[in-house]
Amino acid sequence: MINPRFRSRPVAPRLGAVLLLLASLAAVPLLGAEARRGEVLVIRVDTVIHPVAVELVQDAVREADAAGAAALVVEINTPGGLMSSTREITTAMLGARTPVVAYVAPGGAQAASAGFFILMAADVAAMAPGTNAGAAHPVDGGGGDIPGVMGEKAAQDAAANIRALAARNGRNPELAQAAVLESRSFTADEAVRARLADLVAPSLPRLLEALDGRRVRRGETVVTLRTAGAPVRNLELSPFRRFLGVLATPDIAYILLTLGFLGLYFELTTPGAILPGVIGGICLLLGFFALSVLPVNYAGLGLLFLAMIFFIAEIKVVSHGMLAVAGVISMVLGSLMLFKSPDPALRVSLELIATLALFSLAVVGFLIFMARRALRAPVRTGREGLVHEVGTARSDLAPHGKIFVHGEIWEAVAEEPVRAGEPVEIVGIRDLVLAVRPYRGASSASSASSDSTVGTARLSAP
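Residues numbered from 1 in each chain as written. Predicted model: local features only at pLDDT ≥ 70, side-chain atom pairs only at ≥ 80, totals over all residues. Heavy atoms only, no water.

### Re the overall build of the protein
Part 1: Secondary structure summary: the protein contains 17 helices and 17 strands in total.
Part 2: Counting across all 462 residues of the protein, residues that qualify as buried make up 43%.
Part 3: Of all intrachain contacts in the protein linking residues separated by at least 6 positions in sequence, the fraction that spans at least 24 positions is 65%.
Part 4: For the protein, the exposed area adds up to about 23,600 Å²; of that, 63% sits on carbon and sulfur atoms. (Helix = DSSP H or I, 4+ residues; strand = E, 2+ residues; numbered from the N terminus. Buried < 20%, exposed > 50% of the residue type's maximum accessible area, 1.4 Å probe, protein only. Contact = heavy atoms within 4.5 Å. Areas by Shrake-Rupley, 256 points an atom, 1.4 Å probe, with all protein chains shown as cover.)

Laid out in structure tokens, this is it:
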């Protein structure tokens, strides 16, 4: 008799379960073995992180996804930038279908502050020898600490963001947070040891070789990179965006503001010139665009406006140059305070400040000299403009008659008889009658000023 425990059981259900199990196990290696082949797209972010950099990264992500690229390499060399722009970049990177590699390069480059967030958001974080990353503590628009509760909220928000980015990609969230809360910075080797970076590569070709075969997760898909020997295509900024990127640098922004102020000052001191005012207005608007994407200290900007007010007041008020000196001092102080940041890349160079201060002083001094000279010049129009002018007697003046001057015929009375056709000099005017005397050349002109009142008085004589 057969033992009931060994009674025959249906084979089909068991076979179906085994096949289902085998299919499930086979799906895992197939999922991980999905190879990402194609070209490698490379972009370079070597400016302050601002809206122009956001557009570059977003366009690169769209291009890489559309082309089915093997990877998108973002070369980073930035001192930091706007937190709002940083979040837009990291959001674009996290939403990409293409694996994103952040590469801090070349040697000597940095991924500080905002650049560190971009490094943590990448699927692969790589650094070249001699580079550093970190120092990501949030600061205000002037480069200083944010005071009070708002400062604590900003720091905690940034810390939570960097922890989330680091944990997503298997990096050390505690040390990533220390880069935010304690402003810690790491060299390339230190970052690899601390599990903040994945590898150190001296060049882009070596980086692509090291990436070959590495697996990264994009959503629910695990992708195996095939980058060794892949064609490389560099994505460049359009000329217009490159132009905007150049504008959004402290030195260029400062030059534009200075030229804008000088152009408007020239227009105010010499109304009707038009061209200086137009150029100055354009420079000011471009400068304000740069200020909108840079960390600005508004006290410095206010001092620059105060300098312009002092320069204009120097023309209207006799201060013997004191207002002009005050304007130069305000301009220099405002220039030093305009971009307050611990990083030299976010400050105006001292050489540029000195050069533009001297240039502005020379331009303002020249315009003040010309304005004072114009105020001292004799009047050439109206009643005063006729005095000391030379006309021609149209009739004998004995003493009354007519003269021709400035294209007009006037009634005149002469100090002494003058024959028709002889030149006469006007020495005074009363109502519509001119007081004249015979013109004797330079000697007559030199004494005209002292005699003009006498000529006026004689108009009342019969």
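Next, the rest of the story.
### A word on the packing of helix α2 (residues 51-67) against helix α3 (residues 83-94)
Part 1: Interaxial distance between α2 and α3 falls to 9 Å at its minimum, and their mutual angle equals 5°. Classified by the angle their axes make, α2 and α3 are roughly parallel. Along its contact with α2, which presents Pro-51, Ala-53, Val-54, Val-57, Gln-58 and Val-61, the element α3 presents Ser-85, Glu-88, Ile-89, Ala-92 and Met-93.
Part 2: Class assignment of the residues belonging to the contact of α2 with α3 gives a composition of 8 nonpolar, 2 polar and 1 charged. (Axes fitted to C-alpha atoms, helices over the stretch in contact; angles between N-to-C directions. Parallel < 35°, antiparallel > 145°, perpendicular 65-115°, else oblique. Nonpolar A, V, L, I, M, F, W, Y, C, P; charged D, E, K, R; others polar.)

### What to know about the side chain of Thr-86
Part 1: Secondary-structure assignment places Thr-86 in helix α3.
Part 2: Residue class for Thr-86 comes out buried when judged on its relative accessible area of 1%.
Part 3: With sequence-adjacent residues up to four places away left out, Thr-86 is seen in contact with Ile-49, Ala-114 and Phe-117.

### Some details on the pairing of strand β11 (residues 221-225)
Strand residues, when the strand is regular, have side chains that alternate between the two faces of the sheet.
Part 1: Of all the 5 residues making up β11, 4 are buried; the element is thus mostly covered by neighbouring parts of the structure.
Part 2: Direction of pairing for strand β10 (residues 215-218) relative to β11: antiparallel, over a ladder of 4 bridges. When the sheet's bridge partners are listed, Arg-217 is paired in β11 with Val-222.
Part 3: Taken together, β10 and the strand that follows it, β11, pair antiparallel across an intervening segment of 2 residues, in which Gly-219 is found at a positive phi of about 70°. (Pairing = 2+ DSSP bridges.)

### Considerations on the sheet that holds strand β2 (residues 40-45)
Part 1: The strand order across the open sheet built from 6 strands is β9-β6-β4-β3-β2-β12, with neighbouring strands paired in parallel fashion. Strand pairing shows two members of the sheet lacking a second neighbour, β9 (199-200) and β12 (232-234), which therefore form its edges.
Part 2: By the bridge criterion, 2 bridges tie strand β6 (residues 124-127) to β9 in an arrangement that is parallel. Paired with Met-127 across the two strands is Val-200, which belongs to β9.

### A look at the pairing of strand β14 (residues 400-405)
Part 1: Residues Gly-401, Ile-403 and Val-405 line the buried face of β14, whereas the alternating positions His-400, Lys-402 and Phe-404 sit on a face that is not buried.
Part 2: In the sheet, strand β13 (residues 390-393) pairs with β14 via 2 bridges, with the strands oriented antiparallel. The partner of Thr-392 across the bridge, within β14, is Phe-404.
Part 3: In this structure, the hairpin formed by β13 and β14 is closed by a connection of 6 residues.
Part 4: Where β14 folds back onto strand β15 (residues 408-414) in an antiparallel hairpin, the turn is made up of 2 residues, including His-406, whose phi is positive at roughly 55°.

### A closer look at empty space enclosed by the protein
Part 1: The tally for this structure, following the rule as stated, stands at 1 cavity of 30 Å³ or more.
Part 2: Reported here for the largest cavity is a volume of approximately 130 Å³.
Part 3: Lining of the largest cavity is provided by Tyr-254, Thr-258, Phe-261, Leu-262, Tyr-265, Leu-304, Ala-307, Met-308, Phe-311, Met-331 and Ser-360.
Part 4: Mapped onto the lining of the largest cavity, the elements with two or more residues apiece are α10 (250-269) and α12 (298-316).
Part 5: In terms of residue count, the dominant contributor to the lining of the largest cavity is α10 (5 residues). (1 Å grid on protein atoms, 1.4 Å probe; cavity = no way out; pocket = protein on both sides within 12 Å on 5 of 7 lines; lining within 4 Å. Points joined across faces, edges and corners; volume = space filled by probe spheres on them.)

### Some remarks on the pattern of salt bridges
Part 1: Tallied over the entire structure, the rule returns 10 salt bridges.
Part 2: Its salt-bridge partner being Glu-75, residue Arg-44 comes within 2.8 Å of it at the nearest N-O pair. Of the two residues, Arg-44 is situated in strand β2 and Glu-75 in strand β3 (residues 71-76); the sequence distance between them amounts to 31 residues.
Part 3: Given a relative accessible area of 29%, Arg-44 falls into the partly exposed group.
Part 4: On the basis of relative accessibility, which here comes to 15%, the residue Glu-75 falls in the buried class.
Part 5: Linking Asp-198 and Arg-171 is a salt bridge whose minimum nitrogen-to-oxygen distance equals 2.9 Å. A residue pair is termed long-range when its members are at least 10 positions apart, and Asp-198 in the loop between α7 (188-193) and β9 and Arg-171 in the loop between α5 (148-168) and α6 (173-181) qualify at 27 residues.
Part 6: Looking at Asp-198, the relative accessible area reads 28%, which means it is partly exposed. (Salt bridge = Lys/Arg side-chain N within 4 Å of Asp/Glu carboxyl O.)

### Notes on the environment of Ser-360
Part 1: On the secondary structure map, Ser-360 appears in helix α14 (residues 350-376).
Part 2: A sequence separation of 29 residues divides Ser-360 from Met-331, and the C-alpha atoms of the two residues are 9.2 Å apart.
Part 3: The contact partners of Ser-360, leaving out residues within four places of it in the chain, are Thr-258, Leu-262 and Met-331.

### Topic: the packing of aromatic side chains
Part 1: Tallied over the entire structure, the rule returns 1 aromatic pair.
Part 2: An angle of 70° between the planes, with centres 5.1 Å apart, marks the rings of Phe-261 and Phe-305 as edge-to-face. Here Phe-261 is found in helix α10, whereas its partner Phe-305 is found in helix α12, with 44 residues between them in sequence.
Part 3: A relative accessible area of 9% places Phe-261 in the buried class. (Phe/Tyr/Trp six-rings, centres within 6.5 Å; stacked < 30°, edge-to-face > 60°.)

### Some remarks on the confidence of the model for the protein
Part 1: In this model, the protein carries a mean pLDDT of 80, and residues with pLDDT of at least 70 account for 80%.
Part 2: Within the model, the stretch residues 1-9 combines pLDDT values under 50 with 1 contact to residues more than four positions away or in other chains.
Part 3: In this model residues 140-145 is a low-confidence stretch, pLDDT under 50, and it forms 11 contacts with partners more than four residues away in sequence or in other chains. (pLDDT = per-residue confidence, 0-100.)

### Examining the sheet that holds strand β8 (residues 185-187)
Part 1: Pairing in this open sheet of 3 strands is mixed, and the strands run β5-β7-β8 from one edge to the other. With partners counted over all chains shown, the strands left at the sheet margins are β5 (110-112) and β8, one partner each. Between one strand and the next, the sheet's axes are offset by a mean angle of 15°, whatever the strand orientation.
Part 2: The pairing of strand β7 (residues 132-134) with β8 spans 3 bridges and is antiparallel. The residue bridging Gly-134 from the neighbouring strand is Ser-185, located in β8.
Part 3: Relative to β5, helix α4 (residues 114-121) is tilted by about 100°, and along the sheet it contacts β5 and β7.

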